[in-house]
Structure formats: C-alpha cells, structure tokens
Number of protein chains: 2
Amino acid sequence: MTQRQPPTRSANGLAQPLGHASLRRANLALVLRHLREEGSCSRADIADSTGLHRATVSNLMAELLERGLVREVGTERAGAIGRPRRAVALDGSHVGALGMEINVDYIAVHGTDLSGRVLVERRISFDAMGQGPDRSLAELGRVTRRVIGDMKRAGAPPGGIVVGVPGLVDSGRGVVALAPNLGWHGLPLADRLREELGGLQVPVTVDNDANLAALAEYTSGVAAGTADMVSLTGEVGVGGGIIVGGRLLRGADGFSGEVGHLPVDPGGDRCGCGRVGCWETKVGFAALVRSATPDQAYGLDAGQGAVPTPDPEERVREIARGLAEGDERMVGAVAEVGRWLGLGGSILVNLFNPRVIVIGGYFARLAERLIPAAQAELEQLVIAGPAARCRFMASNLGFGAASRGAASMVVDHIMDDPTAIGSAPIAPDIAGQRI
Amino acid sequence: MTQRQPPTRSANGLAQPLGHASLRRANLALVLRHLREEGSCSRADIADSTGLHRATVSNLMAELLERGLVREVGTERAGAIGRPRRAVALDGSHVGALGMEINVDYIAVHGTDLSGRVLVERRISFDAMGQGPDRSLAELGRVTRRVIGDMKRAGAPPGGIVVGVPGLVDSGRGVVALAPNLGWHGLPLADRLREELGGLQVPVTVDNDANLAALAEYTSGVAAGTADMVSLTGEVGVGGGIIVGGRLLRGADGFSGEVGHLPVDPGGDRCGCGRVGCWETKVGFAALVRSATPDQAYGLDAGQGAVPTPDPEERVREIARGLAEGDERMVGAVAEVGRWLGLGGSILVNLFNPRVIVIGGYFARLAERLIPAAQAELEQLVIAGPAARCRFMASNLGFGAASRGAASMVVDHIMDDPTAIGSAPIAPDIAGQRI
C-alpha cells in the first residue's frame with residue numbers, strides 16, 4: 001500500500017499536487033480528525049483507517065505528542081488474541097482557543113480548550129462607538145492580554161484568536177473594510193491587535209460577527225444541524241449569517257449576509273450607513289429603544305452610527321418589565337418591531353428558503369412577544385406561503401454567540417493545521433510549558 | 001488491493017454504508033466520470049486510477065457498452081514496451097438529453113446527445129397563461145413527443161427530460177407548487193407530462209427555470225466558472241438562480257431565488273402574486289412594455305398574472321429600434337428599468353456577495369442601455385461600495401438558457417446513474433435500437 005495523499009481539489013474540481021510541507025500538515029490534520037471522530041486508537045488502527053504507512057503515523061504522532069495535541073492513554077487489546085497496543089487520544093487540554101467579539105456597546109470573550117471546555121466567558125460593557133477605533137483597540141488589547149493570562153493560568157494558552165466585528169471584513173487580510181455602527185473604515189484590525197499584544201504572538205483572524213454567530217448556532221444552538229438556516233444578530237445593527245446546505249455562505253469576498261441594510265421603507269429614517277429605510281432602522285435595538293422608551297433613546301448620528309445608552313442590558317430588562325406589566329407603549333413598540341422582523345424575514349425566505357431563522361441578541365430576550373408578530377407577517381408575505389415551512393426560533397446562546405463561534409473557528413483552524421501554533425510560538429514563557 | 005467503495009457522506013458528514021445496487025451505480029458513475037475527464041483509457045488504466053478491481057472494471061464496462069454509453073476505440077500502447085491494450089471512450093452519441101422550458105409566452109426546447117452535441121433547438125411562441133394548465137400540458141406533450149421523434153431519428157432518443165417552469169417547484173415530487181405568472185397552483189407536472197407521453201416512458205424531472213438558467217450560465221455562459229454569481233431571467237416574471245461557491249443554492253425545499261418578489265416599492269403596482277410593489281412589477285418584461293409601448297401593453301390581471309401580447313419577440317425588437325432611433329419615451333423607460341435593476345441587484349449583492357450578475361432573457365437584448373443605468377445604481381447602493389466588485393453582464397445564451405441548463409442536468413443525471421435509462425425503457429421501438 002502506498003502512502004495516501006489526502007485528496008485536495010481546486011475550484012475546478014481537478015486534483016492538485018501537494019508539496020511536502022502541506023502534505024505533512026494535511027496528514028497531521030487527517031490523524032487529528034480521525035482521533036476526534038473515533039476517540040482513542042492505537043497507531044496501527046490509525047494507519048489501517050487512514051491508509052497512511054505505520055512509520056508515517058508514528059512520526060506524525062511524535063509531533064502531535066510534542067505539541068500537546070494528543071496523549072498516550074494506556075493500552076488496548078484487539079479482541080481476545082493479539083498483543084496489547086498503546087492507544088493515543090486527542091488531548092485538547094493544553095491548547096486554548098480564544099474567541100472575541102467587539103460590538104457597539106460591549107466586548108465579549110469566549111475562551112475554551114481544544115476539547116471545547118469553557119475556560120473564560122465574559123461580557124464587558126464598552127462604548128466602542130463613542131471611544132473611536134484607537135481607544136477601542138487599546139481596550140480590546142487590554143482585555144485580550146488579561147484573558148490570555150487567565151487561559152495560561154488555566155493551563156491552556158490560546159493557539160489562536162478570532163475576533164468578530166459587526167461589519168464587512170476582509171478576513172484574508174484581517175481588515176475591517178466597513179463597520180458603520182462602530183464608525184470604522186479600512187481598519188487593519190488583525191495587525192493592530194497583534195501590535196497591542198506585543199510579544200504575545202498568537203495568530204489573529206478577523207471575521208464578521210453574524211457569520212461567527214451562525215457557526216455557533218449551526219454547531220451548538222437551538223437549531224443545531226439544520227442545513228439551511230439564517231441567524232440574525234439582534235444588536236444596534238442587525239447582521240445575518242447564512243447556512244446553506246450545512247455550510248456558511250461567504251460570497252466572493254466574505255461580504256455576504258448584510259441583511260441590516262435591506263431597503264424596506266423608502267420613506268423611513270436615515271440609517272447609520274447613510275441610506276434611508278434600512279431594515280435595522282426598523283428592527284435594530286436603537287429603533288426599539290427609541291419607540292419603547294423614548295426618554296432613554298440612543299442618539300443617531302447620521303454617517304457615524306448610533307450613540308449607545310449607558311447600559312443596554314438595563315434597557316432590555318426595562319422593556320421586558322414593561323411587557324410583563326402590559327405597558328401599552330412598549331407592547332405596541334415590540335409588536336411593530338415584530339412585524340418588520342417578519343417582513344424582512346420574508347425576503348430572506350424568498351431568497352434562501354431556510355428552515356429556521358434563529359434570532360439572537362436582544363431579539364432572543366424579547367422573543368416571546370416578537371416571534372408571534374414576526375411569524376404571522378412572514379407567513380402572509382412569503383411567496384411560497386406555508387409550503388416554505390420556515391419558523392423563527394429564539395437563540396439560547398445569548399449575546400455570546402459570536403464569540404462562541406469565534407472560539408470554535410479557532411479550534412477548527414488548529415485541527416486543520418496543527419503546525420500553525422508552533423510556527424508562531426505564543427510567547428517564551430508559554431513555549432516553556434511545551435504546548 | 002480491495003474494491004474501493006466510492007465515499008458517500010450523509011448531511012452530518014459521516015460515511016454511510018452502500019447497498020449492492022447503489023454500489024454498482026456509484027461504480028458505473030465513477031468509471032463514466034473518469035472517462036469524461038481523461039478521454040480514452042484502457043480497462044487496466046481505469047482500474048489503476050479508480051482503485052477498482054480489474055475484473056470489476058471489465059464487468060462494469062460490459063454494462064456500459066451494452067447501454068451504448070461507451071465504445072471501443074482501438075488499441076493503445078503504454079510507452080515502448082508492453083503489449084497493446086484495447087481502449088474505451090465515452091460514447092454520448094446514442095443517448096439523448098432533452099431540456100424543455102415552458103414560460104408565459106413560449107416553450108423552449110434544447111436536445112443534445114450526452115457529449116453535448118446539439119440535436120434540436122427550438123422556441124415556440126405559446127400563450128401558456130391564456131391557455132390554462134390543461135391546454136398548456138397538452139401542447140407541452142405535443143411538442144415533447146415531436147422532439148423525441150426528432151431525437152430518435154437523429155439516433156439519440158432522450159434518456160431523460162428536465163422541464164423548467166417559472167415558479168416554485170417541488171422537484172422531488174415533480175409538482176409545480178406555484179407559478180404565479182402561469183396561474184398554476186399545485187400542478188403535478190411530471191406525472192401529467194408522463195401521461196401525455198403515453199408509452200414513451202422517459203424519466204421526467206421538473207425544476208425552476210431560473211435555477212436551470214443559472215446552471216447553464218455557470219457551465220457555459222459569459223461568466224462560466226465564476227464560483228459566486230447570480231443569474232436573472234428577464235421575462236414577464238424575473239427569477240433568480242444563485243451559484244454559491246460553485247454550487248446551485250436550492251434551500252430547504254428548492255424554493256430559493258424568488259427574487260422577482262422582493263418588495264421594492266410599497267406604493268407601487270399590484271403584482272401577479274397578489275402583493276404590491278414586487279421587483280418584477282418594476283423590471284419584468286410586462287412593466288417595460290407598459291411604459292415603453294403603452295399601446296401594446298400586457299394586461300395585468302391581478303391574482304391571475306400577466307396576459308401576454310401576441311408576439312413578445314416583436315416587442316423587444318420594437319423597443320431596440322426605438323432606442324437606436326433615440327425615442328425619448330423608450331430611452332426613458334429602459335433607463336428607469338435599469339435603475340430598478342440596480343436597486344434590486346444591490347439587495348442581492350448585500351446578501352450573496354456575487355462577483356457577477358448575469359442578466360438573461362429580454363434584459364440581455366437591451367443590455368447596452370440597461371447595464372450602465374443598473375451598474376451606476378448598484379454601486380451607489382451596495383453597502384460594501386466598490387469593494388464588492390460585482391458587475392452586471394449580459395447573457396449570450398438567449399431565451400434558451402433554461403432549456404440548455406435542463407439538458408445539461410439530464411446529462412448529469414445519466415452520468416450519476418447510468419442505470420436509470422435502462423430501468424425506465426424509453427419505448428419498445430427505441431429500446432430496439434439498443435441504447
């Protein structure tokens with residue numbers, strides 16, 4: 001049997017040759033994936049199942065042991081006969097995955113080890129809009145350094161960081177092309193955060209917050225595994241993450257899913273993006289606060305985005321209380337948001353034909369009132385009518401969906417390329433811990 | 001070496017066991033695909049490349065020869081040494097693929113053999129809306145029977161038929177759930193067409209016209225191979241076919257891409273679907289005719305759809321002449337359609353982030369004037385601005401894009417399951433030709 005080259009295919013579907021380094025990376029990933037799916041195995045089992053030479057497997061395993069990604073787990077015996085063989089298993093406990101999200105009024109953190117065990121979970125109120133990009137980056141850097149310290153102390157320094165941002169992200173270059181609600185344009189976030197981290201050379205990737213939330217919903221949310229679904233963030237801005245046939249729809253540049261700027265009301269209000277009548281001027285959190293609690297409203301500073309209230313959590317609680325008490329203004333405001341949610345949802349159903357629309361952020365907190373209004377409007381407007389069978393569901397991942405998706409993306413990155421954490425050593429003192 | 005089972009994966013990504021019949025089908029398909037990509041090969045080459053036993057390859061080849069899907073093509077010699085070996089090649093010439101489209105005012109036909117050689121190409125003016133479903137089906141049956149006869153005479157009776165319809169199609173059951181512009185609701189088109197064909201038991205599949213046109217654009221249009229693109233049909237109705245990462249986006253039920261009913265003008269005209277201000281009331285062919293040549297306008301019969309003019313081809317020519325002569329009304333009407341095309345296009349770019357929007361049907365005929373207006377509007381409205389780099393391109397496939405895509409889908413069906421054409425023998429007299 002010859003050494004098997006894991007199949008790689010280019011866009012046109014033709015097999016491509018692999019260089020030596022990338023072949024080794026692919027084989028390391030092949031072994032890790034096998035262990036992830038099968039649990040503990042002997043080296044011989046891995047060789048048989050993957051088609052790799054036994055000598056190759058032993059060699060790969062030595063590297064994975066050294067990187068702290070697998071561990072010896074004693075012996076196993078194949079049936080009644082045969083000599084016992086040493087088994088190995090995935091060991092996620094020494095390497096961490098750090099997911100972050102920066103949004104209009106908070107920074108969220110979700111740090112796990114590679115097995116998914118949560119090490120750090122935090123949401124810090126922060127006025128990113130008011131502070132501007134420089135001070136936001138300094139704060140993001142400060143929070144990140146502190147969390148890396150916490151994860152080191154927990155024995156799993158992060159092997160990578162993914163940061164979610166509510167805007168258009170050029171993920172390949174780590175640049176935020178445009179985040180209207182943060183007032184960011186062409187911000188090289190990955191480079192700037194690396195600078196803020198100084199000696200802590202952890203690989204940093206940037207992605208759209210709604211895409212990351214959709215990944216979290218698809219892997220661990222209320223509609224996990226639904227192959228065709230849309231996930232909506234419910235913040236001041238409204239972002240969409242689209243899962244199509246079990247895969248995240250990214251589009252040609254990663255700019256897909258900009259649902260917040262669907263033009264739904266030509267005679268409506270001006271949006272943070274400068275246009276008029278965008279969907280998020282109807283269903284975004286600032287729009288709800290404006291109509292439900294006008295004395296506490298967000299300011300809207302055209303062209304620069306929304307100015308947040310001091311404490312959005314308190315606003316949500318206040319509105320929830322108002323609904324419980326039957327406050328007419330609040331009941332009316334939420335019903336109106338629900339109808340607009342249904343109208344925009346019907347556009348998404350006509351275009352994507354999802355089975356579920358998961359609503360996150362503040363939408364989820366007010367779902368009991370929002371969903372009936374939204375569902376009724378949706379069913380009236382969808383061109384396929386009841387045949388489309390799409391329903392709204394409230395996320396149970398809270399405001400941390402994007403950071404959770406970000407952490408799971410780090411895990412995937414490391415599984416796909418276990419050499420990345422070594423080629424960019426995290427820091428001298430961390431490297432000393434033999435990750 | 002053991003017989004290789006072609007990998008099949010369920011939605012959750014886990015490998016699934018294959019039964020004997022489906023394993024044979026998959027192996028037949030594996031051999032056909034290999035021949036399609038590599039040209040002529042010896043049986044030994046195929047065994048080496050596919051990992052199948054030589055005896056298995058010989059056995060599969062006997063079946064493919066019997067079905068007329070491959071042919072012996074003489075001998076080839078591997079290098080200077082070694083005895084000459086008989087080679088086989090794909091033989092598409094004895095099996096046909098019939099693509100059809102029925103639309104508001106025409107039936108289109110595209111018949112090829114399996115190698116893609118065009119045998120029949122036809123567009124028949126027909127008032128499907130005015131005739132109602134029963135007479136439309138009778139006419140579709142009459143045209144189909146005649147074309148099958150033509151393809152038999154050309155030596156390639158169709159091994160399958162795919163029919164494109166402008167509406168929501170439950171492809172699995174062959175039912176048109178809703179085609180507003182034809183006035184069809186819940187029509188079991190596949191079954192009804194099979195009845196019309198009587199003894200001619202050709203497998204019939206039904207699909208959405210815009211999806212089929214998108215497949216044709218992706219495989220052989222002006223933007224062929226563009227992994228992220230949208231294709232728009234330009235008829236009385238406007239349908240969208242969405243290619244995402246090189247694959248057709250279908251959604252949970254195949255109801256995706258209903259772009260014609262994007263709500264773009266809450267104060268606008270009533271649409272054939274019963275709603276108000278849908279995109280196709282602004283850019284559909286009836287809308288253009290209404291403003292460009294009001295004396296020749298389509299009637300719009302709310303709830304039943306559009307009543308077509310006697311000769312839409314003539315209307316397009318008349319408008320093109322008017323544009324060339326600088327007729328102010330026509331120039332203004334086309335520019336207005338162009339602006340709305342750009343507005344709707346910007347929604348699609350914000351959601352799908354395609355690199356190209358291919359415009360077909362009448363859009364393509366008037367593209368020289370439509371595209372500049374549409375492109376300018378698009379660039380002004382797209383949230384990512386110039387970074388999204390999406391451009392409109394005119395299709396060069398004419399009104400036959402959907403039927404061409406339908407024929408290529410038949411070819412794919414046969415390549416994926418070469419046993420289907422045998423298990424549903426086409427007709428006694430055709431079977432006699434040993435297809």
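Residues numbered from 1 in each chain as written. Chains lettered and ligands numbered in written order. Predicted model: local features only at pLDDT ≥ 70, side-chain atom pairs only at ≥ 80, totals over all residues. Heavy atoms only, no water.

For the record, the criterion: UniProt positions are given in the numbering used here, feature names are shortened, and annotations may be inferred rather than shown by experiment.
Per an unreviewed UniProt entry, chain A goes by the name Transcriptional regulator and belongs to Planotetraspora kaengkrachanensis. In UniProt, chain A has this text filed under Sequence similarities (unreviewed entry): "Belongs to the ROK (NagC/XylR) family."

## Regarding the confidence of the model for chain A
Residue and element names in this part refer to chain A. Cut-off, in case you're wondering: A residue's pLDDT is the predictor's confidence in that residue, given on a scale from 0 to 100. Only DSSP runs of H or I with at least four residues qualify as helices, and only runs of E with at least two residues qualify as strands; both kinds are numbered from the N terminus onward. Two residues form a contact once any of their heavy atoms are found within 4.5 Å.
Overall, the predicted model of chain A reaches an average pLDDT of 86, with 87% of residues at or above 70. At the level of individual helices and strands, chain A shows its lowest average pLDDT in helix 15 (residues 428-431), which scores 37, and its highest in strand 17 (residues 356-359), which scores 98. Residue range residues 300-304 is modelled with pLDDT below 50. Its contacts to residues more than four positions away, or to other chains, number 11 contacts. Ignoring residues within four places in sequence, the model shows residues 422-435, a span with pLDDT below 50, making 28 contacts including any to other chains.

## Topic: the packing of aromatic side chains
Defined as follows: Two rings from Phe, Tyr or Trp (for Trp, the six-membered ring) form a pair when their centres are within 6.5 Å of each other. A pair whose planes differ by under 30 degrees is stacked, one over 60 is edge-to-face, and the rest are tilted. Burial classes follow relative accessibility: with a 1.4 Å probe on protein chains only, a residue under 20% of its type's maximum area counts as buried, one over 50% as exposed, and anything between as partly exposed. Definition used: whenever NZ (Lys) or CZ (Arg) falls within 6 Å of the ring centre and also within 35 degrees of the ring normal, the charge is taken to sit over that ring.
According to the stated counting rule, one finds seven aromatic pairs over all chains in the structure shown. Pairing A:Tyr106 with A:Phe399 gives two aromatic rings, centres 5.9 Å apart and planes at 75 degrees, and the pair type is edge-to-face. Here A:Tyr106, found in strand 5 (residues 106-113), pairs with A:Phe399, found in the loop between strand 18 (391-394) and helix 13 (401-416); they are 293 residues apart in sequence, far enough to count as distant. As far as the burial class goes, A:Tyr106 and A:Phe399 line up, both buried. Measuring from ring centre to ring centre gives 4.8 Å for B:Tyr362 and B:Phe363, while their planes differ by 45 degrees; the resulting arrangement is tilted. The exposure class of B:Tyr362 is buried, given its relative accessible area of 1%. Three or more aromatic residues joined by ring pairs make a cluster, and in this case those are A:Phe285, A:Tyr362 and A:Phe363. Here the guanidinium or amino end of B:Arg123 rests over the ring plane of B:Phe399, the centre of that ring lying 4.1 Å away.

## What to know about the sheet that holds strand 8 (residues 168-170) of chain A
Residues and elements named next belong to chain A. Heads up, the rule is: At least two bridges found by DSSP between two strands are what make those strands a pair. What counts as an axis is a line fitted to C-alpha atoms, over the stretch in contact for a helix, and the angles between N-to-C directions run from 0 to 180 degrees.
One open sheet holds the three strands; their spatial order is 8-9-10, and the pairing between them is antiparallel. A single partner strand is all that each edge strand has here, and the edge strands are strand 8 and strand 10 (184-187). Mean inter-strand twist for the sheet, computed between neighbouring axes without regard to direction, equals 15 degrees. Sheet topology places strand 8 next to strand 9 (residues 175-179); three bridges connect them, and they run antiparallel. In the strand pairing of strand 9, Leu168 is matched with Leu178.

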